[in-house]
Amino acid sequence: MPDDGASQSQTVWPLVKFSFKVMWDGAELIFQEVTGLSSETQVIEYRGGSSPVYSTVKMPGIQKFSNITLKKGIFKGDKALWEKYGGIKMNIYKRSTIVISLLDESQGIAMSWTLKNAFPSKITVTDMKSDANEVAVETMELAHEGLTQS
């Protein structure tokens with residue numbers, strides 16, 4: 001097991017992923033699942049016409065951020081996601097800073113990811129089956145313009 005150097009008997013374990021919180025406009029919203037926390041840098045390939053090397057040079061280009069998917073159980077009278085989604089009117093939606101935090105065993109913030117200029121881009125209501133033994137879940141997809149870790 002890895003050792004943090006503080007003590008020979010103290011073992012350091014990786015964080016668990018089932019304890020997290022989502023802060024949206026200063027309020028905590030409870031979700032069952034958060035996926036899509038990823039960033040990708042596109043690669044630009046270039047070769048000058050008089051280059052003696054017959055291959056391209058690769059350099060970093062524009063960053064691209066995946067949409068974030070949030071899933072939560074549906075509760076009677078809970079309209080929080082629909083109210084956020086209902087505020088979309090062309091390009092006049094108030095964009096938000098959303099902070100997604102992974103919590104440690106004492107419910108303290110171990111690390112956080114911040115979404116810049118986020119807004120809802122899709123909402124999906126649960127599928128319904130008469131023979132299913134599952135919780136009703138609604139899904140919201142968020143578009144954003146930046147992902148940073150702290």
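Before reading further, recall that the structure is shown in the block above.
Residues numbered from 1 in each chain as written. Predicted model: local features only at pLDDT ≥ 70, side-chain atom pairs only at ≥ 80, totals over all residues. Heavy atoms only, no water.

*Asks:* Describe the overall build of the chain, listing the residues and the values that go with them.
*Replies:* For the chain, the count of helices and strands is one helix and 10 strands. Along its sequence from the N terminus, the chain presents helices and strands in the succession β-β-β-β-β-β-α-β-β-β-β. Counting all 150 residues of the chain, 24% fall into the buried class. Restricting to contacts in the chain with at least 6 residues of sequence separation, those with at least 24 account for 61%. (Helix = DSSP H or I, 4+ residues; strand = E, 2+ residues; numbered from the N terminus. Buried < 20%, exposed > 50% of the residue type's maximum accessible area, 1.4 Å probe, protein only. Contact = heavy atoms within 4.5 Å.)

*Asks:* Got a sec to walk through a nonpolar patch on the surface? Specific residues and values, please.
*Replies:* On the surface, a cluster of nonpolar side chains totalling about 420 Å² of accessible area is made up of Ile74, Trp82, Val125 and Met128. Turning to its location among the elements, Met128 is positioned in the loop between β8 (109-124) and β9 (137-143). (Patch = residues over 30% accessible without salt bridge, like charges linked within 9 Å, V, L, I, M, F, W, Y side chains within 5 Å. Areas by Shrake-Rupley, 256 points an atom, 1.4 Å probe, with all protein chains shown as cover. Salt bridge = Lys/Arg side-chain N within 4 Å of Asp/Glu carboxyl O.)

*Asks:* Quick one: what's the story with the layout of surface pockets, residue by residue and with numbers?
*Replies:* In this structure, the largest pocket occupies an estimated 220 Å³ of space. Surrounding the largest pocket, Lys17, Phe20, Gln32, Glu33, Val34, Leu37, Ile100, Ser101, Leu102 and Trp113 form its lining. Mapped onto the lining of the largest pocket, the elements with two or more residues apiece are β3 (33-35) and β7 (96-103). For the lining of the largest pocket, the element with the most residues is β7, which contributes three residues. (1 Å grid on protein atoms, 1.4 Å probe; cavity = no way out; pocket = protein on both sides within 12 Å on 5 of 7 lines; lining within 4 Å. Points joined across faces, edges and corners; volume = space filled by probe spheres on them.)

*Asks:* Tell me about the side chain of Thr126, and name the residues and values.
*Replies:* Topologically, Thr126 is positioned in the loop between β8 and β9. We classify Thr126 as buried; its relative accessible area is 16%. The contact partners of Thr126, leaving out residues within four places of it in the chain, are Ile74, Ala136 and Val137.

*Asks:* An account of the environment of Asp78 is needed here, citing residue identities and associated values.
*Replies:* Of note, Asp78 is situated in the loop between β6 (68-73) and α1 (80-86). Taking C-alpha positions, Asp78 is 20 Å from Ser96, a pair spaced 18 residues apart along the chain. For Asp78, the side chain forms a polar contact with the side chain of Lys72, separated by 2.5 Å. (Polar contact = N/O pair within 3.5 Å; in protein donor to acceptor, adjacent residues only side chain to side chain.)

*Asks:* Outline the environment of Glu145, supporting the account with residue identities and numerical values.
*Replies:* Along the chain, Glu145 turns up in the loop between β9 and β10 (147-149). Separated by 82 residues in sequence, Glu145 and Gln63 have C-alpha atoms that sit 9.5 Å apart. Look past the residues within four positions of Glu145 in its chain and what remains in contact with it is Phe65, Arg95, Lys116 and Asn117. At 2.8 Å, the side chain of Glu145 and the side chain of Asn117 are in polar contact.

*Asks:* Help me get a handle on the side chain of Thr69, residues and values and all.
*Replies:* Topologically, Thr69 is positioned in strand β6. We classify Thr69 as buried; its relative accessible area is 18%. Sequence-distant contacts of Thr69, that is, excluding residues within four places in its chain, are made with Glu33, Val34, Thr35, Thr139, Met140 and Glu141.

*Asks:* Any details on the pairing of β9? Residues and values, ideally.
*Replies:* With respect to burial, β9 is a largely interior element, six of its seven residues being buried. Looking at chain direction, β6 and β9 are connected through six bridges and run antiparallel. For Leu70, the partnering residue across the bridge sits in β9 and is Met140. Taken together, the five bridges between β8 and β9 define a ladder with antiparallel strand orientation. Considered in β9, the bridge of Thr124 is made with Thr139. (Pairing = 2+ DSSP bridges.)

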